[in-house]
Amino acid sequence: MEIFLWMILAFLIFQRLGELALANRNRKWMVERGAKEWGQGHYFLFILLHSAFFVCIIAEFVWTPYVQQPFFYYALTGFFGLQILRIACIRTLGKRWNTRILVLPDEEPIRKGIYRFVKHPNYVIVFFELMVIPVLFHAYLTALIFPFLHLLVLTVRIPAEERALQERI
């Protein structure tokens, strides 16, 4: 089981690095079309939060004996469901998906797919990922702390996004 978990962890790290590369490509594409970037001052908080998240998972996983709990399979199912939703967010936004706040001046916000129902679905998904992923690794302290740290960062991020969307007109 532990090898399987290390594989999941490796997948997640490569996934996040791939998403950063995709975000960088999308950023270049959007800037070429006149996009303006907002909220650069708080972006480091996301990098810090997600880096610390993986460090804490690894630390708890390595420093505590692993005992598979009965709810492991519920967490694993939740993890796969969240990955599907994460991919849906990225696909729906296409080249406009990014980890930064970039706004194309004459384009309306996307309101299709999952965005028809939830204004900021990726943040909701990440909140639950920060809870579910650590449970897979019996990193319960990480599962308790990081969703709330994410919410704290969002108290800065979401208002910055809303201002960017309001001022684009």
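Residues numbered from 1 in each chain as written. Predicted model: local features only at pLDDT ≥ 70, side-chain atom pairs only at ≥ 80, totals over all residues. Heavy atoms only, no water.

Undergrad: Any chance you could break down helix α4 (residues 121-136) for me, citing the residues and the numbers?
TA: For α4, which comprises 16 residues, the first-to-last C-alpha distance of 22 Å matches the rise-based estimate of 22 Å (1.5 Å per residue) to within 8%. Within α4, 13 of the 16 residues are buried, which leaves it mostly tucked inside the rest of the structure. One or two steps after α4, the chain reaches His138, where phi turns positive at roughly 50 degrees. (Helix = DSSP H or I, 4+ residues; strand = E, 2+ residues; numbered from the N terminus. Expected span 1.5 Å × (residues − 1). Buried < 20%, exposed > 50% of the residue type's maximum accessible area, 1.4 Å probe, protein only.)

Undergrad: Would you mind going over the confidence of the model for the chain in detail, with residue names and values included?
TA: When pLDDT is averaged across the chain, the result is 94; 99% of the residues are at 70 or more. Mean pLDDT in the chain bottoms out at strand β1 (residues 36-38), which sits at 93, and peaks at α4, which reaches 97. (pLDDT = per-residue confidence, 0-100.)

Undergrad: An account of the pattern of salt bridges is requested, with residue identities and associated values reported.
TA: Per the stated rule, a full pass over the model turns up nine salt bridges. Its salt-bridge partner being Arg86, residue Glu129 comes within 2.7 Å of it at the nearest N-O pair. Placement of the pair is Glu129 in helix α4 and Arg86 in helix α3 (residues 72-93), with a sequence separation of 43 residues. Taking the relative accessible area as the measure of exposure, Glu129 reaches 2% and is therefore buried. Among the residues examined, Arg86 registers a relative accessible area of 5% and is labelled buried. Via salt bridges that share partners, Arg16, Glu19, Arg86 and Glu129 belong to a single interconnected network. (Salt bridge = Lys/Arg side-chain N within 4 Å of Asp/Glu carboxyl O.)

Undergrad: For the nonpolar core, give the residues involved together with the corresponding values.
TA: With 34 residues, the main nonpolar core has Leu5, Phe79, Leu136 and Phe137 as its most contacted residues. Counting only elements with at least two residues in this core, the list comes to α1 (2-32), α2 (43-63), α3, α4 and α5 (140-167). Per-element accounting of this core gives the leading share, eight residues, to α3. In this structure, Phe79 is in contact with Ile8, Phe11, Leu12, Val132, Ile133 and Leu136, ignoring residues within four places of it in sequence. (Core = buried A, V, L, I, M, F, W, Y, C linked by side-chain atoms within 4.5 Å. Contact = heavy atoms within 4.5 Å.)

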